[in-house]
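# Inside the fold
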Amino acid sequence: MAPMKLYGATLSWNVTRCVAALEEAGADYEIVPINFGTGEHKSPEHLARNPFGQVPALQDGDLVIFESRAICKYACRKNKPELLKEGDLKEAAIVDVWVEVEAHQYTSALSPILFEVLIKPMLGGTCDQKVVDENLEKLKKVLEVYEARLSKSKYLAGDYISLADLNHASVTLCLFATPYASVFDAYPHVKAWWSGLMARPSVQKVAALMKPSA
Ligand code: GS8
């Protein structure tokens, strides 16, 4: 069967979130770049893949899906379901909890910081420090919860790696490209968890793709 196609630019943390899952799952896939500069994401071809005109989108045969976390789950279900613990009702529920926490607590505090510091200047705008500071405070509160959790288990869902951990990789790598990486210093268990994730080939692959020269 032909490799799956992941559409999007690797500058986007929503796209590279999928790369972490596809790599960890050992999926056969290729990245098909979408050019924001020419408005390709709003072209009829891409709108057929993602009606919101956004990246990422994934094509696997006649299946076309969008929303990065749905793509990540699909890659795991198809190639490495143990990353979702789907065979165990309770363990799967805990994985789901931390997949949601990544989206609605962690990344919801982190992405406004990344937008202000990394994206806005690229678009010719100026970083709004008030937005950064407010969201750093929110992020610290989230990290307090992570610190407590990770002092009890090696990974977020338990003592096993899951999609919940991997979904943090792309945005956390972006955080480390800002002057605010030191926010992790106050949370030793979070730092140790992140070092463990960083050592994984899947996360290394994301890091390599996110380098501007890649
Ligand atoms: C968000 C996709 C998104 O914002 C997901 O896939 O997780 N909830 C979705 N994609 C941005 C790329 S920046 O990371 C995008 O495509 N923006 C272009 C636009 O909205 O026009």
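Below: a short report on this structure. (Residues numbered from 1 in each chain as written. Predicted model: local features only at pLDDT ≥ 70, side-chain atom pairs only at ≥ 80, totals over all residues. Heavy atoms only, no water.)

### Remarks on the environment of C174
By the secondary structure assignment, C174 is in helix α7 (residues 169-175). A C-alpha to C-alpha distance of 9.7 Å links C174 and S12, two positions 162 residues apart in sequence. Residue contacts for C174: discarding those within four places in its chain leaves W13, L114, L118 and M210. (Helix = DSSP H or I, 4+ residues; strand = E, 2+ residues; numbered from the N terminus. Contact = heavy atoms within 4.5 Å.)

### Brief notes about the site of the ligand
The environment of the ligand is made up of S12, N14, F36, H41, K42, G53, Q54, V55, P56, E67, S68 and R69. One nitrogen or oxygen atom from the side chain of S12 is found 2.8 Å from an oxygen atom belonging to the ligand. Note that a nitrogen atom of the ligand is positioned 2.7 Å from one of the side-chain N or O atoms of E67. Protein coverage of the free-state accessible area of the ligand, which is 530 Å², stands at 71%. Judged by its atoms lying within 2 Å of the grid points, the ligand is housed in the largest pocket. (Near = heavy atom within 4 Å. Polar contact = N/O pair within 3.5 Å; in protein donor to acceptor, adjacent residues only side chain to side chain. Areas by Shrake-Rupley, 256 points an atom, 1.4 Å probe, with all protein chains shown as cover. 1 Å grid on protein atoms, 1.4 Å probe; cavity = no way out; pocket = protein on both sides within 12 Å on 5 of 7 lines; lining within 4 Å. Sits in = over half its atoms within 2 Å of the grid points.)

### Topic: the nonpolar core
Of all hydrophobic cores here, the largest spans 66 residues; its most connected members are Y106, Y146 and W193. The element best represented in this core is helix α4 (residues 89-119), accounting for 10 residues. Structurally, this core is a two-domain feature, drawing no fewer than three residues from each of domain 1 (4-83) and domain 2 (85-209). Setting aside anything within four residues of it in sequence, one finds Y146 in contact with W98, V101, E102, Y106, L156, H168, V190 and W193. (Core = buried A, V, L, I, M, F, W, Y, C linked by side-chain atoms within 4.5 Å. Buried < 20%, exposed > 50% of the residue type's maximum accessible area, 1.4 Å probe, protein only. Domains from an automatic or database assignment.)

### Considering a nonpolar patch on the surface
Together, L11, F115, M122 and L123 make up a nonpolar patch on the protein surface, roughly 440 Å² of accessible area in all. Examined against the element boundaries, L123 turns out to sit in the loop between α4 and α5 (129-150). The class for L123 is exposed, based on a relative accessible area of 64%. (Patch = residues over 30% accessible without salt bridge, like charges linked within 9 Å, V, L, I, M, F, W, Y side chains within 5 Å. Salt bridge = Lys/Arg side-chain N within 4 Å of Asp/Glu carboxyl O.)

### Quick word on the sheet that holds strand β2 (residues 29-32)
Strand order in this open sheet of 4 strands is β2-β1-β3-β4, and the pairing throughout is mixed. One side of each edge strand has no neighbouring strand; the edge strands of this open sheet are β2 and β4 (63-66). Pairwise comparison of adjacent strand axes, ignoring direction, gives a mean angle of 20° for this sheet. Relative to β2, strand β1 (residues 4-7) is paired through 4 bridges, and the arrangement is parallel. Bridge pairing in β2 links Y7 to V32. Its contacts with the sheet place helix α1 (residues 13-25) against β1 and β2, and it is angled at close to 155° to β1. (Pairing = 2+ DSSP bridges. Axes fitted to C-alpha atoms, helices over the stretch in contact; angles between N-to-C directions.)

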